[in-house]
Every structure is written in C-alpha cells, then in structure tokens.
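# Observations on the model geometry
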Amino acid sequence: MSALLKVGEVVMRFGGVTAVGGVSFEVGRRSICGLIGPNGAGKTTLFNCISGIYRPTAGRIAFEGQDITGAPRHRMAGMGIGRTFQNLALFRTLSVRDNVLAGAHSRGKSGFAAAAFRLASARREEEEAEERLRPLLSMLDLAGVAGVPVAALPFGTQKRVEMARALIGEPKLLLLDEPAGGLNHSEVDGLAGLLLDIRERFSLSILLVEHHMNLVMRVSDKVVALDFGKKIADGTPAEVRADPEVIRAYLGEEAVQHGRAA
C-alpha cells in the first residue's frame, strides 16, 4: 500500500540559514508518525512546509500521490489535512460548539453565496456538520462545556477543542504540533490513549511534532528524528531510541561513549 504522505528531499532556507536540509520520510495510512529533535532541529519549519505555511526552497511533498508542494494553506483542509498549533489558534470569545463548527466550514463546497442566502446546499452541509459535532464533543469530553466560551476553559480543555475543530473536517492526515505542551502528567496519559482512539475511530494518520518523548514513543508506529535540519534516524520507536545519533543529539557524545562502554 502506498504511503499517505511523502516528504522528498525538502529544503527550507531563510536567507543564508538552512533550517531544513534535504529531509525525506513517509507517513503510512492509518499510522502515527512522531517527528522529534532538540530545539532548533527544524521540526516546526518542516511541519509548516507540509501544512502550506511555508513554500519549501527545494524538494517535493506529496499527499495521496498528489504534489502539494507550496499549496496554499487554505486548501489543505479541503484536501484532507487537518492541523493544530503549538500556540492555540481558537476564537476565544466564541463557544466550544462554534469553535468546533468553524472547522467544518473549511470542507464546505456550497460557497459563500449559498451560505449567505441559506440555500439548500448550505443548509445540508450545516446539518451534516451538526451530526458530526455531537459524537465528537462526547468523544473528547467537551459535551458538558459546549456552550462555554473557550477563554473560560482550562488550557488542557482548550487543546481538546482545537483537536475537535481539526477532526470535524474529517481529515485523512492530522498534523499535531506539540499537543502535550502545557499539560500535566495525568493529562499527557489521557492524551496518549486519545490519540490511539482517534486513529482507530477516524481511520486516519497522525504526524506528531512533540518534545514529550515518552508520549511519542508510546503512541508512534514510526519515529523520525531531526538535528540541525537533517534527518538522523527513521524507524520504530525502539530503533530510534537506541540510535547513537539520537542519543548524541539529546544527551551528548559522553552518553554515547558510556553506552558503548556498558
């Protein structure tokens, strides 16, 4: 079976600085891929290339066999790519319900005029979004706060709202940028189970950028490690965890030498 996402020799330069230097990897269908690396490794830059925020300097990004390199950000949801952000991008004065439903509009096909004049096609899309909303709020434990403005909710709950907004568009690929950031230990444990549940229920793939190594290793089918904009490892969690280049990037040369001596 062909990969859902293929990243081929992607390069991203900012002036004379190479933030990503020829990175290639694949994300399989219905799989979870963790993207890890120390601060400044190029993870977020690569993520932004995949999601259309940056146009790569060189290389190719393909989704379902279609070249999406440099495709505008607003087209991503319509192609089946959903995303959350490290810094929450929610409408803080709107309710949970309205924030989540905003994610459904990105997949709408009826157009602005149909929505403005409440034509049948727009009404049908709204009804379909409402049908998807109820089970989604229940699954993410948001039903009890559906009418509450997101600004009044704890950070961990807001994270789930943003995830629900990405999921209501029924993506085939979900890009998660630091979903465990700011969460406490019990919330991270809950997130691990939630990600596995989402993969199964929605039959989608997840590309996960995360500093929380325990979470990445628990949920990922494969892990890609970056350092200084280059790929240094690509394999199963066990393979990447034991890779000398990964150990060196996180813990330094002394740790590698200690491991060999042991």
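Our structure is the block above this text.
Everything numeric in this text was worked out from a predicted model, so none of it was measured.

Glancing now at the sheet that holds strand β10 (residues 230–235). Strand pairing in a sheet relies on backbone hydrogen bonds. The paired strands run either parallel or antiparallel. Read across the sheet, six strands follow the order β6-β7-β8-β3-β9-β10 without closing on themselves; strand pairing throughout is mixed. Among the strands making up the open sheet, the edge pair consists of β6 (81–83) and β10. Within this sheet the neighbouring strands show an average axis-to-axis angle of 15°, counted without direction. Of the pairings in the sheet, the one linking strand β7 (residues 173–177) to strand β8 (residues 205–209) comprises five bridges and is parallel in character. What sits directly across from Leu-176, in β8, is Leu-208. Sitting on the sheet, helix α1 (residues 43–50) is in contact with β3 (32–36), β6, β7, β8 and β9 (222–227), with an inclination near 150° to β7. Lying over the sheet, helix α7 (residues 185–202) contacts β3, β7 and β8, oriented at roughly 135° with respect to β3.

With antiparallel pairing, four strands are arranged side by side in an open sheet as β2-β1-β4-β5. A strand with exactly one partner marks an edge of an open sheet, and here the two such strands are β2 (17–27) and β5 (66–67). The pairing of strand β1 (residues 5–14) with β2 spans eight bridges and is antiparallel. Within β2, the position partnered with Arg-13 by the bridge is Thr-18. Against the sheet, α1 makes contact with β1, β2 and β4 (58–63), and its axis sits at roughly 115° relative to β1, the strand it touches most.

What follows covers the packing of helix α3 (residues 96–105) against helix α6 (residues 155–167). Packing of α3 against α6 brings their axes to within 6 Å, and their N-to-C directions diverge by 35°. Our pair here, α3 against α6, has a crossing hand that is right-handed. Two secondary-structure elements touch here, α3 through Val-96, Asn-99, Val-100, Ala-102 and Gly-103 and α6 through Val-161, Ala-164 and Arg-165. A per-class count over the contact of α3 with α6 returns five nonpolar, two polar and one charged.

Core analysis: the biggest nonpolar cluster contains 45 residues, and Val-100 and Ile-198 have the highest contact counts within it. Looking at this core element by element, the count peaks at six residues for α7. Summarising the domain contributions, this core has at least three residues from each of domain 1 (1–71 + 171–262) and domain 2 (81–170). Excluding anything up to four places from it in sequence, Ile-198 contacts Met-139, Leu-140, Met-163, Leu-167, Leu-174, Ser-203 and Leu-204.

Tracing the backbone shows Gly-65 in the loop between β4 and β5. For Gly-65, a relative accessible area of 63% translates into the label exposed. For the pair Gly-65 and Ser-2, spaced 63 residues apart in sequence, the C-alpha to C-alpha distance is 8.3 Å.

Next up on the list: the packing of α6 against α7. Packing of α6 against α7 brings their axes to within 13 Å, and their N-to-C directions diverge by 10°. Classed by the angle they form, the pair α6 and α7 counts as roughly parallel. Residues Gly-156, Met-163 and Leu-167 of α6 lie in contact with α7, whose contacting residues are Glu-187, Leu-191, Leu-194, Leu-195, Ile-198 and Phe-202. Grouping the constituent residues of the contact of α6 with α7 by class yields seven nonpolar, one polar and one charged.

In this structure, Phe-228 sits in the loop between β9 and β10. As a C-alpha pair, Phe-228 and Ala-41 span 187 residues in sequence and 4.5 Å in three-dimensional space. Beyond its immediate chain neighbours, meaning those up to four positions away, Phe-228 contacts Gly-40 and Ala-41.

Rules used in this analysis
- Here the residue numbers are simple positions, counted from 1 along each chain's written sequence.
- For this predicted model, a pLDDT threshold of at least 70 governs which residues receive local features, and a threshold of 80 or more governs which side-chain atom pairs are given and counted, while totals over whole chains, interfaces and linings are taken from all residues.
- Think of the side-chain values as coming from all heavy atoms in the structure, minus any hydrogens and water.
- The criterion for strand pairing is that DSSP finds at least two bridges linking the strands in question.
- Secondary structure elements follow DSSP: runs of H or I of four or more residues count as helices, runs of E of two or more count as strands, with numbering from the N terminus.
- Note on method: axes are straight lines fitted to C-alpha atoms, helices fitted across the in-contact stretch only, with angles between N-to-C directions ranging 0 to 180 degrees.
- Should any heavy atoms of two residues lie within 4.5 Å, those residues are considered in contact.
- Handedness of a crossing follows from how the near helix is turned relative to the far one, being left-handed for an anticlockwise turn of less than a right angle and right-handed for a clockwise one.
- Polar here means any residue outside two lists: the nonpolar Ala, Val, Leu, Ile, Met, Phe, Trp, Tyr, Cys and Pro, and the charged Asp, Glu, Lys and Arg; Gly therefore counts as polar.
- For this analysis, a nonpolar core means a set of buried residues of the types Ala, Val, Leu, Ile, Met, Phe, Trp, Tyr and Cys, connected via side-chain atoms within 4.5 Å.
- Exposure is judged per residue with a 1.4 Å probe applied to protein chains only, and the accessible area is read against the type maximum: over 50% gives exposed, under 20% gives buried, and values in between give partly exposed.
- Residue ranges labeled as domains rest on an automatic or database domain assignment.
- An angle below 35 degrees is read as roughly parallel, one above 145 as roughly antiparallel, one from 65 to 115 as roughly perpendicular, and any other as oblique.

That's the geometry; what it means functionally is another story.
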